[in-house]
Amino acid sequence: MQKALPLTLCLLLLSFQDANPVAVTDRKYTSMTSGTFPASHLRKNETEISAEGGHIDAYYDNTGFRIITEHTFAVMSEHETQLYFDPGNQLILVQDRNITHATPMYDSAFTHADDKAQTWRYYFQNRKLIKWTGPKAKDSTSRQYRDQQASWLDYSDNMVKQMTKYYTRNPQPAAFTLPVSKDTE
């Protein structure tokens, strides 16, 4: 005899069954950024990434990476790219932000109050860009749309490989073990 699934699990599964894949991705994003998402953390400091440095944070569980964030700093700006994945390192969302500061970060008058930010979002389903939002976003008929799709897929594949390689050389005492495939070593 087969056991019935608990009601909360059934409701969670049903909440992700939606005809609108962007709405499903937004719910997954909210779930992953809620602060209660069960994942292990890996950080790689990147001093050579820019003049002021940066770092890459990866959150993973036993299905693969779930979030990878690259954050770079400059005197008058910051850049943050966040990649969100379904199990198996399947890219579902890219959130790309440029933040410009009114004063240099090292200045004693520095505050985030006067920051200006631009944010772009790229929604993916089955390795295909399905929606692009943000300043000067293009629709799916534009050549730039196809270029963005190829660029972000390449970027996310490279970040997964880079962080997997870093994980294999610097294993973390974590609750989850990251599955490592032969092609990423």
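Reference entry: report on the structure contained in this document.

Parameters and conventions
- Residues numbered from 1 in each chain as written.
- Predicted model: local features only at pLDDT ≥ 70, side-chain atom pairs only at ≥ 80, totals over all residues.
- Heavy atoms only, no water.
- Core = buried A, V, L, I, M, F, W, Y, C linked by side-chain atoms within 4.5 Å.
- Buried < 20%, exposed > 50% of the residue type's maximum accessible area, 1.4 Å probe, protein only.
- Helix = DSSP H or I, 4+ residues; strand = E, 2+ residues; numbered from the N terminus.
- Contact = heavy atoms within 4.5 Å.
- Phe/Tyr/Trp six-rings, centres within 6.5 Å; stacked < 30°, edge-to-face > 60°.

1. A short note on the nonpolar core
Ranked by size, the top nonpolar core spans 22 residues in total, and within it F65, I68, Y122 and F124 carry the most contacts. Contributing elements (two or more residues each) for this core: strand 2 (54-61), strand 3 (64-73), strand 4 (77-86), strand 5 (90-100), strand 6 (116-125), strand 7 (128-133) and helix 3 (143-169). No other element matches helix 3, which puts seven residues into this core. When residues no more than four places from it in sequence are discounted, the contact partners of F124 are L91, I92, V94, L129, I130, Q149, W152 and L153.

2. Quick look at the packing of aromatic side chains
Tallied over the full model, the rule gives seven aromatic pairs. A ring pair is formed by Y122 and W152, whose centres lie 5.3 Å apart and whose planes are at 40 degrees; its orientation type is tilted. Here the residue Y122 occupies a position in strand 6, and W152 occupies one in helix 3, the gap between them amounting to 30 residues. Summarising the burial analysis for this pair, Y122 and W152 share the class buried. Ring plane angle 40 degrees and centroid distance 6.3 Å describe the contact between W132 and Y145, whose orientation is recorded as tilted. With a gap of 13 residues between them, W132 in strand 7 and Y145 in helix 3 connect regions that are remote in the sequence. A residue is classified by how much of its surface remains accessible, and Y145, at 6% relative accessible area, is buried. Clustering of aromatic rings is evident, with ring pairs tying together Y122, W132, Y145, W152 and Y155.

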